[in-house]
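Architecture at a glance
Letter by letter, the chains look like this.
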Amino acid sequence: MHFNPRYSSLNPKLYHQQQPSPLRGAKAGHFNENLADELQWSEQDKANWVEICSGQKTFTDFPPLAMVYAGHQFGQWAGQLGDGRGLLIGQILNKHGETIDLHLKGAGSTPYSRMGDGRAVLRSVIREYLAGHALNALGVASSHAVGFTTSTQGVQRETLELGAMLLRTSECHIRFGHFEWINQYAPELLAEFTQKCIEWHYPECLEAEHPILAFVEKVIERTAMMIAKWQLVGFAHGVMNTDNLNITGSTLDFGPYGFMERFRPNWINNHSDYQGRYTYQNQPSIGHWNLWTWLNNLIALATPEHKEQFKQDLAKCLEKFEPIFLEHYGQGLCEKMGLPHFHKDSLDCSFAFLRILQTEQLDYTQSFIRLQNKQYKTLRDDCLDIRQFDSFLQQYQSIREHQNTEELDQNMRKANPHYILRNHMAQKAIELAERGDFSEVDRLFKLLNRPYTQQLDLEVEQDTAPLPSDVPEISVSCSS
């Protein structure tokens, strides 16, 4: 590995250095060799992957550390938080010269554990491992994982479960909550910390007339684009607290996430989300709220005489969130529909299709595949309101009539996945893994690696089958 330590050069108030606490009886779970190659792991590193991914082996080039941050959770100030069960064990260069974090999850308690045991269980580790892999393959910026290990050590949750560790990677683990912690507890560090964030993650902004405002615009843009892509693939994060969004617009901290099956925009996939704050339909507005909260912590960067102007400048930056989101979501939706983005009726027709999916409770992913395959009769037969579907289809075919349909169909094939990580798929893999069988984890890993290509040699019927009408969607626990 080629180390590039950066975070440890910051003020020690921002982290706590400590070694991981390995679990007893660490055993191999699954290893992402392609990602290891991308990260320039040597053959020796790859041979030692179980030791690295279970906290038994660390590196003298980067003493492991836990980050401190704060956050708003479910809209309420939660005070000091931090890496309560994870350690940054390295920052290394990938093949493109980019600095990538290696973050070990389940590595034991830290000063930020808040009464937690610092552990992760096999169930949640597998869910995060597969979800990060799935989102990256879908073209959605996300953390990724090199591998995970299980153990013989039990971890107490609602029941006694198998302990596990996950070595995930991200280009950035700096969250909106880092700025909240600094603003509240160490305001003297804000200017230097912000400067480092720009240097490390948005160096092009250093050339701008106002580097901080340029940085803010980039963060807003990337966050809007990430959420637009979530909406397009039907992904619901489930716990969009300010400490779970980072400054580079990549998906982080999988907990009670879900890939939507029936198109129910108000589906609550986190059973701790009693008010439905983090439903699929609310993700754009919550993203905006989180950014607004983050920007409030930057106001202190202005001198007293420029504070009001700086507030106005930040507000203008935030105004760009909605049009950026709508542009990327609208264009992506038209691509999924096989409609030209420039046509005045394309979005109206696209939303008519979504209304049908919602009214009829049809499967989100497979309905787009049926539309792509021109299985109009099959879609129509699944509808109770035939007139609503016929009205849509008439408009849809009318818009496509004088267009380059070959190009539009090609766009559809690139935009509509055959496979998403349905909850029952993950659950089957978990149940087998808890009995020591990781074959289903491996099958799903391979299947989800090429989600836009049908893989008849790998898929089983349940991978694409819609939920039966009498089976409710699963809400997932935050307990992990």
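If you're wondering where the values come from, they're calculated on a predicted model, not measured in any experiment.

This part covers the pairing of strand 10 (residues 160–170). The element strand 10 is largely enclosed, with a buried count of nine among its 11 residues. Bridge count between strand 8 (residues 120–121) and strand 10: two bridges; the pairing is antiparallel. In the strand pairing of strand 10, Ala-120 is matched with Ala-164. Of the pairings in the sheet, the one linking strand 9 (residues 144–156) to strand 10 comprises nine bridges and is antiparallel in character. By the bridge assignment, Gly-154 is partnered in strand 10 with Leu-162. Count of turn residues in the strand 9/strand 10 antiparallel hairpin: three residues.

According to UniProt, the feature "binding site: Mg(2+)" (unreviewed entry) maps to Asn-244 and Asp-253 in the numbering used here. Tracing the backbone through its elements, the reader meets Asn-244 in the loop between strand 11 (235–236) and strand 12 (258–259). Not counting chain neighbours up to four residues away, the residues in contact with Asn-244 comprise Arg-175, His-237, Val-239, Leu-252 and Asp-253. A distance of 2.9 Å separates the side chain of Asn-244 from the backbone oxygen of Val-239, its partner in a polar contact. Excluding residues that lie within four positions of it along the chain, Asp-253 makes contacts with Arg-168, Arg-175, His-237, Val-239, Asp-243 and Asn-244.

As a further point, take the packing of aromatic side chains. Across all of its chains, the model carries 30 aromatic pairs by this definition. Where Phe-353 meets Phe-392, the ring centres are 5.2 Å apart and the plane angle is 35°; that geometry is what we call tilted. With Phe-353 in helix 11 (residues 346–360) and Phe-392 in helix 14 (residues 386–400), the pair connects residues that are 39 residues apart, well separated along the chain. By the ring-pair criterion, three or more aromatic residues cluster together here, those being Phe-263, Tyr-280, Phe-353, Tyr-364, Phe-368, Tyr-376, Phe-389, Phe-392 and Tyr-396.

What counts, and where the lines are drawn
- Each chain has its residues counted from 1, following the order in which its sequence is written.
- Per-residue local features of the predicted model are confined to residues with pLDDT of at least 70, and side-chain atom pairs are confined, for both listing and counting, to 80 or more; whole-chain, interface and lining totals are unaffected and use all residues.
- Note: side-chain values were computed over all heavy atoms of the structure, leaving out hydrogens and water.
- Accessibility here uses a 1.4 Å probe with only protein chains present; expressed as a share of the type maximum, an area under 20% marks a residue as buried, one over 50% as exposed, and anything in between as partly exposed.
- Secondary structure elements are taken from DSSP: a helix is a run of H or I of four residues or more, a strand is a run of E of two residues or more, and numbering for both begins at the N terminus.
- By definition, two strands form a pair when at least two bridges between them are found by DSSP.
- UniProt positions are given in the numbering used here, feature names are shortened, and annotations may be inferred rather than shown by experiment.
- Any two residues having at least one pair of non-hydrogen atoms within 4.5 Å are treated as being in contact.
- Nitrogen and oxygen atoms within 3.5 Å of one another constitute a polar contact, given that in protein one can donate a hydrogen and the other can accept it, and given that sequence-neighbouring residues count only through two side-chain atoms.
- Aromatic contacts are taken between Phe, Tyr and Trp rings whose centres are within 6.5 Å, Trp giving its six-membered ring; a plane angle under 30 degrees counts as stacked, one over 60 as edge-to-face, and the others as tilted.

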